[in-house]
Amino acid sequence: MRVQSDADLLALAAAGDRAAFEEFYRRHAVWLTLRLRYRCADETLIDDVVQETFLELWHGGAARYREQGDIAGWLWRIGSRRLVDALRRTSARHRLGRLLARFRGGEEPSEPSAEEQVLRGVEHGDLAGALSRLSPELRAVVQATVLDGLTTAEAAVLLGIPPGTVKTRAMRARRQLRQELA
C-alpha cells in the first residue's frame, strides 16, 4: 500500500473522501494542538480551535490549498488565525461582562490585568501603528516569526523566500520598529 502525501490527501478530502481527510487529521491534529498550546494555556479553547480548523478544511477549505509552500505552514496559518479570533471573542465577552456588571451596580471597575494592558497597547497603541507602517514584506516576516512563532526555516517555507532573506527582513523590521517606538 502506497503512503499518500499530504497534498494527495488534501486533494482527496477536497473531493469528499472522508478516509483521506481522517488520515490527514491523524497526521496533523496532535502537532497543531501542541503548537497552539504554546500560544494559549486554555486546553478547552485549543481543542475547539483545532476542531474548527479541521472543520473548515472538511467544509471546503482543503480545496483552497494551491500546492504552494509547505502544507504544515499553511495549516499552522489557518489554526493560528483561528486562535487569534477565538482569543479576541473571549476577550470581548469578558470586557462586555464586566461592563454590564458595572451598569447593574455589581462590581466596582477593577484594574486591568497586565495582559489586558499589553493587548490593548498592541491593538490600539503605538506598536499597532508602527507595525502597520512596515512594508508588506517586513510585516509578513514579523507575522510569521514573532506572532506565529515560526522558526526562520519554517517562515522561509511559508513565505516562499530563502532563510537568509527572512533573517535580513526581520533585522530591517526590528530596526524600523525600534526607531518608531523610541
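This report concerns the structure included in the present document.

Basis of the calculations
- Residues numbered from 1 in each chain as written.
- Predicted model: local features only at pLDDT ≥ 70, side-chain atom pairs only at ≥ 80, totals over all residues.
- Heavy atoms only, no water.
- Helix = DSSP H or I, 4+ residues; strand = E, 2+ residues; numbered from the N terminus.
- Buried < 20%, exposed > 50% of the residue type's maximum accessible area, 1.4 Å probe, protein only.
- Contact = heavy atoms within 4.5 Å.
- Axes fitted to C-alpha atoms, helices over the stretch in contact; angles between N-to-C directions.
- Left-handed = near helix turned anticlockwise from the far one by under 90°.
- Nonpolar A, V, L, I, M, F, W, Y, C, P; charged D, E, K, R; others polar.

### A few points about the environment of alanine 144
Examined against the element boundaries, alanine 144 turns out to sit in helix H7 (residues 136-147). Look at alanine 144 and you get buried, because its relative accessible area is 2%. Leaving out residues up to four positions away in the same chain, alanine 144 has contacts with Gly149, Leu150, Ala155, Leu158 and Leu159.

### Quick word on the packing of helix H2 (residues 18-37) against helix H3 (residues 43-58)
Relative orientation of the contacting elements H2 and H3 amounts to 145 degrees, with a least axis distance of 10 Å. Two packed elements cross with a definite hand, and for H2 against H3 that hand is right-handed. On the side of H2, the interface is formed by Arg18, Phe21, Phe24, Tyr25, His28, Ala29, Leu32, Thr33, Leu36 and Arg37, while H3 contributes Glu43, Ile46, Asp47, Val49, Val50, Thr53, Phe54, Leu57 and Trp58. Per-class residue counts for the contact of H2 with H3 are 12 nonpolar, three polar and four charged.

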